[in-house]
Protein chains: 2
Amino acid sequence: MSASPYVTSITRQSDDFPGWYTDVVLKAELADYSPVRGCMIIRPYGYAIWESMRDELDRLIKATGHKNMYFPLFVPRSLLLKEAEHVEGFDPQVAWVTRAGGRDLDEPLAIRPTSEALIAEGVKDWIQSYRDLPLLMNLWNNVVRWELRTRLFLRTTEFLWQEAHTFHASEEEAAAEVATGLECYRVVAEEWLAIPVISGRKTEHEKFPGAVYTRAIEAMMRDTKALQAGTSHMLGQNFSKAAGIEFLDRDNVRRAPFGTSWGFSTRMVGATVMAHGDEFGLVLPPRVAPIQVAVVPIFRSEEDRVRVAEAIDRVLAALGEDAAGRAVRVEVDWRDASPGFKFNHWELRGVPFRLEIGPRDLAAGQAVLVKRTDRSREAVPLEALPHTLPGRLDAYQRELFERALAFRDANTRRVDTYEAFRTVVEEQGGFILAPWCGDGGCERRVAEETGATIRIIPDDSPDEAAACIVDGRPSERRVLFARAY
Amino acid sequence: MSASPYVTSITRQSDDFPGWYTDVVLKAELADYSPVRGCMIIRPYGYAIWESMRDELDRLIKATGHKNMYFPLFVPRSLLLKEAEHVEGFDPQVAWVTRAGGRDLDEPLAIRPTSEALIAEGVKDWIQSYRDLPLLMNLWNNVVRWELRTRLFLRTTEFLWQEAHTFHASEEEAAAEVATGLECYRVVAEEWLAIPVISGRKTEHEKFPGAVYTRAIEAMMRDTKALQAGTSHMLGQNFSKAAGIEFLDRDNVRRAPFGTSWGFSTRMVGATVMAHGDEFGLVLPPRVAPIQVAVVPIFRSEEDRVRVAEAIDRVLAALGEDAAGRAVRVEVDWRDASPGFKFNHWELRGVPFRLEIGPRDLAAGQAVLVKRTDRSREAVPLEALPHTLPGRLDAYQRELFERALAFRDANTRRVDTYEAFRTVVEEQGGFILAPWCGDGGCERRVAEETGATIRIIPDDSPDEAAACIVDGRPSERRVLFARAY
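All residue numbers refer to position in the chain's written sequence, counted from 1. Note on labels: chains are lettered from A, ligands numbered from 1, in written order. The model is predicted, so local features are restricted to residues of pLDDT at least 70 and side-chain atom pairs to those at 80 or more, both for listing and for counting; the totals for chains, interfaces and linings are taken over all residues.

Turning our attention to the overall build of chain A. Strands are runs of DSSP state E lasting at least two residues, helices are runs of H or I lasting at least four, and both sets are numbered from the N terminus onward. Per the secondary structure count, chain A includes 14 helices and 25 strands. Taking 2.2 N^0.38 as the reference for a compact globule, 485 residues should give roughly 23 Å; the C-alpha atoms of chain A span a radius of gyration of 25 Å, in line with that estimate. Taken along its principal axes, the extent of the C-alpha atoms in chain A is 80 × 55 × 50 Å. Remark: C-beta atoms are placed from the backbone, and a residue is labelled buried if 20 or more other C-beta atoms sit within 10 Å of its own, exposed if 12 or fewer do, or partly exposed between those counts. Looking at chain A as a whole, 48% of its 485 residues are labelled buried. Considering only contacts in chain A between residues 6 or more positions apart, those separated by 24 or more positions represent 69%. Taken over C-alpha atoms, the radius of gyration is set against a globule rule of 2.2 Å times the number of residues to the power 0.38. It is the C-beta atoms, placed from the backbone, that decide contacts: two residues are in contact if theirs lie within 7 Å.

Printed below as a string of structure tokens:
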């Protein structure tokens with residue numbers, strides 16, 4: 001069993017990144033196309049990855065005092081129309097139910113593209129006094145946005161997500177909540193998915209329709225393009241006033257509460273694929289990996305098979321739980337196929353480690369642990385596996401994050417002229433930190449001429465007087481440009 | 001603090017059961033009406049109950065080898081039409097998307113009323129050989145059925161549920177799977193929700209549209225009416241053949257696989273309310289109760305408040321986890337309100353125990369544990385609480401089940417003539433075990449004349465030659481009649 005490359009049937013990542021992505025998603029059985037245009041089937045392996053990040057995010061959100069609940073799928077047209085900027089932003093993407101129960105509806109019902117409009121109407125009776133605030137809600141559901149060009153996980157007509165919705169007595173408190181939401185996303189992205197992110201504010205043009213402002217985290221994929229990994233919106237009093245929500249404040253004055261909303265979706269499964277994958281397929285961070293260790297038994301004779309099986313059973317029994325009470329997620333591959341086929345199978349699926357156990361290993365009282373990323377091999381005494389594996393998995397998790405961070409740093413450039421900007425976008429890609437005057441016209445011109453957009457005004461971008469790369473007017477700080485998904 | 005009844009603002013259960021139910025659901029904040037006809041908002045307390053039963057069922061289903069995944073919300077009309085009986089059964093209830101992304105659709109899309117038709121089409125490529133079987137899938141999602149008369153949780157236009165879908169190489173294996181699904185439901189109903197159920201087969205008239213047969217579990221509510229608590233369908237080759245699914249069997253013959261599907265929904269939150277609730281509101285089984293113990297501090301002076309708070313903190317710290325690692329779910333009610341108000345509040349919400357701690361209790365080194373069902377009071381030494389509470393909660397769980405079982409037994413009657421049947425239905429209600437010849441005409445006549453339907457042909461109904469209560473033809477066994485939700 002050498003560590004030589006096996007034949008893989010996926011498009012080369014370095015030749016055609018989008019083709020590679022689609023191949024990996026389909027062949028690692030994360031998802032499949034469905035009989036419905038733009039909608040996908042999330043297969044068990046992809047859904048388990050979603051469940052892992054969903055459960056972790058759910059735990060984080062609950063820890064901040066939010067409670068889960070459920071609002072209906074349908075938004076009556078009249079409600080969607082109440083917030084003017086909101087409806088303008090979403091109307092072109094809405095799917096409408098016009099007929100139900102055998103008759104035409106008096107009023108069409110939108111399939112929720114997001115739930116702000118419905119929630120503002122729904123919570124009206126619950127918010128009477130400042131004592132009813134803050135109202136911290138979280139929803140796990142499906143939403144529909146009619147997209148023209150779809151891509152598995154990244155942009156689908158229907159997707160699964162979490163949407164938090166909150167109402168507060170003061171703007172300051174709402175602003176803190178916007179930050180709380182984004183911090184939950186940062187933790188899941190960085191600590192669970194091993195994807196480093198940059199947080200900041202969206203430009204006016206890129207903000208959520210109906211929001212006062214939008215904050216977001218942005219990540220770099222392996223092709224150096226950007227991907228928005230979560231957004232958190234300050235809604236101000238926009239939806240509250242549109243719906244007529246008012247509460248009696250401490251000073252006995254009736255006021256409209258300040259709202260926020262923030263969302264994180266199944267597109268992050270796609271982000272995980274694109275942030276870590278390589279020529280052999282998926283590379284999954286251990287925390288999110290449905291299978292962390294794939295055991296491949298090696299044997300030729302029935303006698304060897306029995307001995308290997310006994311050894312594996314002993315290892316599994318010992319592995320059940322580590323000292324911290326965490327079970328290591330192990331799958332033993334007893335399929336009737338060659339070891340090489342199995343190596344390929346588990347590499348494509350991004351399992352962090354495979355464990356090879358054969359007669360020669362048994363004779364030496366060991367097994368061979370092979371790391372997915374660099375295929376390095378380590379002989380581990382069988383009895384040492386239970387305390388070795390958790391440490392190896394933790395280190396692997398850290399390594400993936402560090403690798404992604406180094407990759408992002410290596411592909412982030414500071415640029416001061418539009419000419420240099422265009423050259424970098426065309427020839428190198430990646431993130432570009434460049435001065436911008438704040439004008440929407442300049443922003444649009446860059447987008448039209450280069451395909452790069454302002455992803456974010458980074459929180460940690462220091463004050464730095466400079467000239468806008470487009471029109472030379474004063475810029476106070478650099479903003480982050482990139483081509484994006 | 002006496003145990004006398006407090007004023008409750010809910011309709012009396014004994015006067016008007018439906019009114020009582022709606023009051024409890026709204027006032028205990030399980031759910032609320034929404035701006036969308038027939039759709040409800042599930043509020044945090046109700047959603048937490050759903051999460052509890054959902055997570056337990058999910059654990060059980062995964063333990064049987066099913067994997068979670070996701071299929072789209074939309075079913076193209078052409079797919080829904082493929083299975084004739086299926087479309088006939090569901091078409092009148094379907095909500096149709098006819099317009100999306102700013103244009104009329106070429107083909108209307110049904111919002112899934114259930115996913116059989118879409119799944120049969122979606123899995124076609126995955127089932128090539130007997131090696132691909134069984135295919136054991138499970139979905140958690142929302143479905144829409146346009147109902148004319150809706151009731152919170154019990155019958156809503158949109159509801160949340162779990163739908164399992166499986167394909168098997170043989171009919172025997174599929175039949176075993178139908179039983180597996182129903183057994184998962186029985187365990188959740190009986191062991192988690194403390195609701196005793198009777199399992200059996202539905203009549204031809206009551207089976208799922210498109211199924212060969214349907215099995216179900218039926219429960220009795222506190223008004224002695226029946227509620228269907230979960231169904232499991234043998235689909236045979238109906239959907240497989242309609243969609244053209246074929247696999248190469250071991251004998252090299254191409255065959256259509258045998259399908260099953262089974263579902264369990266948010267209506268079980270309503271069932272939990274109706275199976276246990278009393279004049280004071282909800283009565284929740286501890287396993288599903290979001291809060292198991294409500295602590296009500298009793299004090300008049302600030303000095304007492306501080307001492308009570310210190311004692312409560314010590315109890316909470318000790319309660320964290322019991323010997324089995326389970327945390328007891330405790331809520332301390334520090335609101336600025338009277339103890340009586342708080343007692344009422346937690347009783348309405350069905351919290352199994354409240355714990356009163358006041359200065360006199362502290363002087364005696366104890367707290368008073370009050371049981372929700374009979375309001376019995378027990379003085380428990382403070383240091384004994386950590387090992388006392390888990391046992392009390394377990395006993396309470398068993399007591400609720402036993403109480404519901406005794407109630408069902410007391411309201412189940414054997415009847416041999418139609419005259420007696422009509423009298424029992426009108427004057428006593430409950431479950432009626434009566435002979436039936438198997439004819440759909442007799443079944444329909446009973447339903448039309450009495451409102452009672454055949455809920456189920458119970459699995460444990462022994463062979464018993466008798467005369468059908470309607471037309472006197474031979475009956476082989478008694479079936480279960482009842483008025484139902």
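Having seen it, we continue.
Here we come to the sheet that holds strand β19 (residues 377-381) of chain B. Residue and element names in this part refer to chain B. Ordered in space as β16-β15-β17-β18-β19, the five strands form an open sheet in which the pairing is mixed. Across the chains shown, the open sheet's two edge strands, defined by having one partner strand only, are β16 (330-332) and β19. Going across the sheet, the axis of each strand differs from the next one's by a mean of 25 degrees, ignoring polarity. In the packing of helix α10 (residues 339-348) onto the sheet, contacts are made with β15 (293-297) and β17 (353-357), and the angle to β15 comes to roughly 175 degrees. Against the sheet, helix α12 (residues 385-410) engages β15, β17, β18 (366-371) and β19, with an angle of about 10 degrees to β18. Only strands joined by at least two bridges in the DSSP assignment are considered to pair. In this analysis, axes come from line fits to C-alpha atoms, helices being fitted only over the stretch in contact, and the angle between any two N-to-C directions falls in the range 0 to 180 degrees.

Think of two packed helices as two axes; the pair is described by the angle between the axes and how far apart they sit. All names here are of chain B. Two elements in contact, helix α2 (residues 44-63) and helix α8 (residues 267-276), have axes separated by 9 Å at closest approach and are oriented at 105 degrees. Our classification of the angle between α2 and α8 gives roughly perpendicular. Taken together, the residues of α8 that come into contact with α2 (itself represented by Gly-46, Ile-49, Trp-50 and Met-53) are Met-268, Val-269 and Thr-272. Broken down by class, the residue content of the contact of α2 with α8 amounts to five nonpolar, two polar and no charged. Oblique is the label for every angle not falling under 35 degrees (roughly parallel), over 145 degrees (roughly antiparallel), or within 65 to 115 degrees (roughly perpendicular). Residues are sorted three ways: Asp, Glu, Lys and Arg are charged, Ala, Val, Leu, Ile, Met, Phe, Trp, Tyr, Cys and Pro are nonpolar, and all the rest, Gly among them, are polar.

Attention shifts here to the sheet that holds strand β8 (residues 158-168) of chain B. Residues and elements named next belong to chain B. Pairing is mixed in the open sheet, where eleven strands are placed in the order β3-β7-β8-β14-β11-β10-β9-β22-β25-β21-β20. In this open sheet, the two edge strands, each paired with only one partner strand, are β3 (67-69) and β20 (412-414). Here the average twist between neighbouring strands, direction ignored, is 30 degrees. Here β8 runs beside strand β14 (residues 258-265); their pairing, made up of eight bridges, is antiparallel. Among the inter-strand pairings, Glu-163 is bridged to a residue of β14, identified as Gly-263.

This brings us to the interface of chain A and chain B. Across the contact, 40 residues belong to chain A and 40 residues belong to chain B. At six residues, the largest contribution of residues to the side of chain A that touches chain B is made by strand β5 (residues 95-100) of chain A. Classifying every residue of the side of chain A that touches chain B by side-chain character gives 26 nonpolar, eight polar and six charged. Pairing analysis gives five bridges linking β5(A) to strand β5 (residues 95-100) of chain B, with the strands arranged antiparallel. Following the sheet pairing, A:Ala100 is matched in β5(B) by B:Ala95.

All names here are of chain A. All of the buried residues along helix α10 (residues 339-348) are Lys-342, Phe-343, His-345, Trp-346, Glu-347 and Leu-348. The inward-facing, buried residues of α10 contact α1 (17-27), β15 (293-297) and β17 (353-357). Gly-350 occupies a position one or two residues after α10 and carries a positive phi of about 70 degrees.

Time to look at the relation of the copies chain A and chain B. Superposition of the copies was done by least squares, using only C-alpha atoms of residues whose pLDDT is at least 70 in both. The transformation that overlays chain A on chain B combines an axial shift of 0.0 Å with a rotation of 180 degrees, and the residual RMSD is 0.0 Å. The operation mapping one copy onto its partner corresponds to a two-fold rotation axis. Closest to the rotation axis within chain A is the C-alpha of A:Val97, separated from it by 2.1 Å. The share of interface residues of chain A whose copies in chain B are also at the interface is 100%, consistent with both copies meeting through the same surface.

pLDDT is a per-residue confidence score from the predictor, ranging from 0 to 100. Averaged over all residues, the pLDDT of chain A is 95; the fraction at 70 or higher stands at 97%. The ipTM value of the predicted complex is 0.95, and its pTM value is 0.95.

A few words now on the domain arrangement of chain A. The domain architecture assigned to chain A consists of domain 1 (17-276), domain 2 (293-392) and domain 3 (412-482). In this entry, domain limits derive from an automatic or database-based domain assignment. If you average the C-alpha positions of domain 2 of chain A and of domain 3 of chain A, the two centres end up 49 Å apart.

Looking at the secondary structure, you find B:Glu449 in helix α14 (residues 440-450). Separated by 27 residues in the primary sequence, B:Glu449 and B:Arg422 place their C-alpha atoms 8.6 Å from one another.

All right, on to helix α9 (residues 302-319) of chain A then. All names here are of chain A. Given the number of residues in a helix, its expected span is that number minus one, multiplied by 1.5 Å. Compared with an ideal rise of 1.5 Å per residue, which puts 18 residues at 26 Å, α9 spans 25 Å between its outermost C-alpha atoms and is within 8% of the ideal. Regarding α9, the residues found buried are Val-308, Ile-312 and Val-315. Mapping the buried residues of α9 onto a view down its axis gives an arc of 60 degrees, with all of them on the same face. Structural note: α9 exposes Glu-302, Glu-303, Val-306, Glu-310, Asp-313 and Ala-317 on the side pointing more than 90 degrees away from its buried face. In the core, the buried residues of α9 are packed alongside β15, β16 (330-332), β17, α11 (359-363) and α12 (385-410). The arc refers to the directions leading from the helix axis to the C-beta atoms.

A few words now on the pairing of β17(A). Residues and elements named next belong to chain A. In terms of burial, β17 is largely enclosed, as five of its five residues are buried. Going residue by residue along β17, you find Phe-353, Leu-355 and Ile-357 tucked away on one face and Arg-354 and Glu-356 tucked away on the opposite face as well. Here β17 runs beside strand β18 (residues 366-371); their pairing, made up of four bridges, is antiparallel. Across the sheet, the residue bridging to Arg-354 is Val-370, located in β18.

What follows covers the environment of B:Asp249. Looking at the element boundaries, B:Asp249 is found in the loop between β12 (247-248) and β13 (254-255). Remark: the alpha-carbon pair of B:Asp249 and B:Glu204, spanning 45 residues in sequence, is separated by 31 Å.

Residues and elements named next belong to chain B. By the element assignment, Gly-89 lies in helix α4 (residues 84-90). Under the C-beta neighbour-count criterion, Gly-89 is labelled partly exposed, with 17 such atoms within 10 Å. Sequence separation of Gly-89 and Pro-72 is 17 residues, and the distance between their C-alpha atoms is 21 Å. The contact partners of Gly-89, leaving out residues within four places of it in the chain, are Pro-209 and Gly-210.

To continue, consider unusual backbone geometry. Cis geometry marks the peptide bond from A:Leu133 to A:Pro134, where omega comes out at -5 degrees. Locating A:Pro134 in the fold gives a position in the loop between α5 (116-122) and β7 (135-144). The phi torsion at B:Glu29 lies on the positive side, around 60 degrees, for a residue other than glycine. Relative to the helices and strands, B:Glu29 resides in the loop between α1 (17-27) and β1 (31-33). One non-glycine residue, B:Thr224, adopts positive backbone phi at about 70 degrees. Summarising the element assignment, B:Thr224 is placed in the loop between β10 (213-220) and β11 (226-236).

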